[in-house]
Amino acid sequence: MGHGTRIYERGIIYMLAKRWTAAIVIAAAIVFTAASGSFAANWIDSADTSWYDAASEETTFTITTAEQLAGLAKLVNEGTEKFSEKTVQLGSDIDLNGKDWTAIGTNASTFGGTFDGQGYTISGLGAIKSAENEAANKDRYGFFSSLSGSWYIKNLNIIGDVSISPEDAGDIPSQYYVGAFVGYAAGNRTSTPISNCT
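Per chain, residue numbering runs from 1 following the sequence as it is written. In keeping with the predicted nature of the model, local features appear solely for residues at pLDDT of at least 70, side-chain atom pairs appear and are counted solely at 80 or more, and the whole-chain, interface and lining totals rest on all residues. Side-chain measures were taken over the full set of non-hydrogen atoms in the model, leaving aside hydrogen atoms and water.

Chemist: Would you take a moment to explain the overall build of the chain for this structure?
Modeler: Each helix corresponds to a stretch of at least 4 residues labelled H or I by DSSP, and each strand to a stretch of at least 2 residues labelled E; elements are numbered beginning at the N terminus. For the chain, the helix and strand inventory stands at two helices and 13 strands. Burial status follows relative accessibility: with a 1.4 Å probe on protein chains alone, a residue under 20% of its type maximum counts as buried, one over 50% as exposed, and anything between as partly exposed. A total of 198 residues make up the chain; the buried ones form 38% of that total. Across the chain, contacts joining residues at least 24 apart in sequence account for 85% of those joining residues at least 6 apart. Each accessible area value is a Shrake-Rupley result obtained with a 1.4 Å probe; residue values ignore everything except the protein chains displayed when judging cover. Accessible surface, the chain: about 10600 Å² in total, of which carbon and sulfur atoms supply 54%. Residue contacts are counted whenever heavy atoms from the two residues lie within 4.5 Å of one another.

Chemist: Which parts of the structure should I look at to understand the side chain of Asp 116?
Modeler: Structurally, Asp 116 is set in strand 5 (residues 114–116). His is not counted, nor are the chain ends; Lys and Arg add positive charge and Asp and Glu add negative charge. Whenever Lys or Arg places a side-chain nitrogen within 4 Å of a carboxyl oxygen from Asp or Glu, that contact is recorded as a salt bridge. Buried and unpaired, Asp 116 has Lys 154 as its nearest opposite-charge partner, separated by 4.1 Å. Looking at Asp 116, its side chain comes within polar contact range of the main-chain nitrogen of Gln 118, at 2.9 Å. Setting aside anything within four residues of it in sequence, one finds Asp 116 in contact with Thr 87, Val 88, Gln 89, Leu 90, Lys 154 and Asn 155. N or O atoms within 3.5 Å of each other form a polar contact, as long as, within protein, one can give a hydrogen and the other can take it, and as long as residues adjacent in sequence are counted only when both atoms are side-chain atoms.

Chemist: Could you clarify how one ought to interpret helix 2 (residues 66–77) in this entry?
Modeler: Residues that lie three or four places apart on an α-helix share one face, since the helix turns once every 3.6 residues. A helix is expected to span 1.5 Å for every residue after the first. Compared with the 16 Å implied by 1.5 Å per residue over twelve residues, the 16 Å span of helix 2 between its first and last C-alpha is a close match. Across the twelve residues that make up helix 2, a large majority, ten, are buried. Among all positions of helix 2, only Ala 66, Gln 68, Leu 69, Ala 70, Gly 71, Leu 72, Ala 73, Leu 75, Val 76 and Asn 77 are buried. For helix 2, the secondary structure elements touched by its buried residues are strand 1 (60–63), strand 2 (87–90), strand 3 (94–95), strand 4 (101–102), strand 5 and strand 6 (121–129). Of the residues trailing helix 2, Gly 79 is marked for its positive phi of about 80°.

Chemist: Please clarify how the pattern of salt bridges should be interpreted in this entry.
Modeler: Pairs can form between side chains of opposite charge once their charged atoms are near each other. The full count for this structure, using the stated rule, is five salt bridges. Taking the shortest distance from any N to any O, the salt bridge between Glu 81 and Lys 86 comes out at 3.3 Å. We note that Glu 81, like Lys 86, is buried. Linking Asp 139 and Arg 140 is a salt bridge whose minimum nitrogen-to-oxygen distance equals 3.6 Å. Neither residue differs from the other here; Asp 139 and Arg 140 are each classed as buried. What emerges from the salt-bridge pattern is a single network uniting Lys 138, Asp 168 and Asp 171.

Chemist: Any chance you could explain the sheet that holds strand 1 here in plain terms?
Modeler: Strand pairs in the sheet, formed through backbone hydrogen bonds, run parallel or antiparallel to each other. Pairs of strands are assigned from DSSP output, requiring at least two bridges between the strands. Within the open sheet, the five strands sit side by side as 1-2-5-9-13. Their pairing is parallel. The open sheet has two edge strands, strand 1 and strand 13 (194–195), and neither has a second partner. Where strand 5 and strand 9 (residues 152–154) come together, three bridges link them in parallel fashion. Its bridge partner lying in strand 9, Phe 115 is registered against Ile 153. Between N-to-C directions, angles cover 0 to 180 degrees, with each direction set by a line fitted to C-alpha atoms, over the stretch in contact for helices. Its contacts with the sheet put helix 2 on strand 1, strand 2 and strand 5, and the angle it makes with strand 1 is roughly 135°.

Chemist: Sorry if this is basic, but what is going on with empty space enclosed by the protein here?
Modeler: Regions of empty space are outlined by a rolling probe, equal in size to a water molecule, passed over the atoms. In this analysis, the protein atoms alone were mapped onto a 1 Å grid. Cavities are point sets where a 1.4 Å probe fits without being able to get out; pockets are open sets with protein on both sides within 12 Å along at least five of seven lines; lining residues have an atom within 4 Å of a point. Grid points are joined across faces, edges and corners, and a volume is the space filled by probe spheres set on the points. Scanning the model with the defined rule gives one cavity of 30 Å³ or more in all. Lining the largest cavity are Gly 105, Thr 106, Asn 107, Ser 130, Glu 132, Asn 137, Asp 139, Arg 140, Ser 145 and Ser 146. Three residue categories are used. Nonpolar comprises Ala, Val, Leu, Ile, Met, Phe, Trp, Tyr, Cys and Pro, charged comprises Asp, Glu, Lys and Arg, and polar comprises the others, including Gly. Residues belonging to the lining of the largest cavity are distributed by class as follows: no nonpolar, seven polar and three charged.

Chemist: Honestly, the packing of aromatic side chains in this entry has me stumped. Any pointers?
Modeler: How two aromatic rings sit relative to each other is given by the distance of their centres and the angle of their planes. Each pair of aromatic rings taken from Phe, Tyr and Trp, with Trp reduced to its six-membered ring, is defined by centres within 6.5 Å and is described as stacked if the planes are under 30 degrees apart, edge-to-face if over 60, and tilted in the remaining cases. Evaluated as defined, the whole model comprises twelve aromatic pairs. Between Trp 51 and Phe 83, the ring centres sit 6.1 Å apart and the planes meet at 20°, which makes this aromatic pair stacked. On the criterion of sequence distance, the pair formed by Trp 51 in the loop between helix 1 (2–40) and strand 1 and Phe 83 in the loop between helix 2 and strand 2 is long-range, its members being 32 residues apart. Accessibility classification places Trp 51 together with Phe 83 in one group, the buried group. Note on Phe 115 and Phe 143: the rings are 6.0 Å apart at their centroids and 70° apart in plane angle, and the pair reads as edge-to-face.

Pasting the structure below:
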């Protein structure tokens with residue numbers, strides 16, 4: 001009887017051990033998933049470019065969602081459109097919810113149009129990631145990282161805690177440019193290329 005009891009007790013211990021092991025594995029999986037999710041939380045992953053039609057004769061395009069705003073970054077960063085002599089305007093306030101933001105523009109593909117916030121606010125701007133692949137080129141950070149040509153930014157409000165994304169932290173060169181609105185700009189459209197912006 002005593003022997004049987006010991007076996008039973010061992011069985012309980014064994015079952016408990018299995019349960020604890022399973023709990024640890026599940027907890028680890030949850031932590032890993034959460035960490036992976038936060039690391040991959042970047043608006044560029046859900047970019048919507050459907051608002052833009054390259055074949056259209058329209059020169060003004062309206063954006064109302066964070067996904068469409070990320071679509072602007074995608075179009076510019078991939079060299080699809082520079083938006084020279086075109087206007088991109090906001091049609092509502094947009095909240096980025098602190099998710100990583102991939103800056104608009106690269107050293108080779110810059111934004112060169114007009115961005116009109118129309119008095120609306122982009123809030124929740126958090127960590128900014130460069131669209132550059134080479135570490136040596138990750139030297140420009142801002143809502144717009146690179147502007148050139150006849151660019152113009154107006155009537156825009158930006159709220160957030162601007163920082164460099166942890167993904168880029170180990171890659172940036174010793175000298176780099178950071179700004180809430182613009183990281184680096186060349187050329188301008190007027191004597192005040194950024195106006196009525198806070």
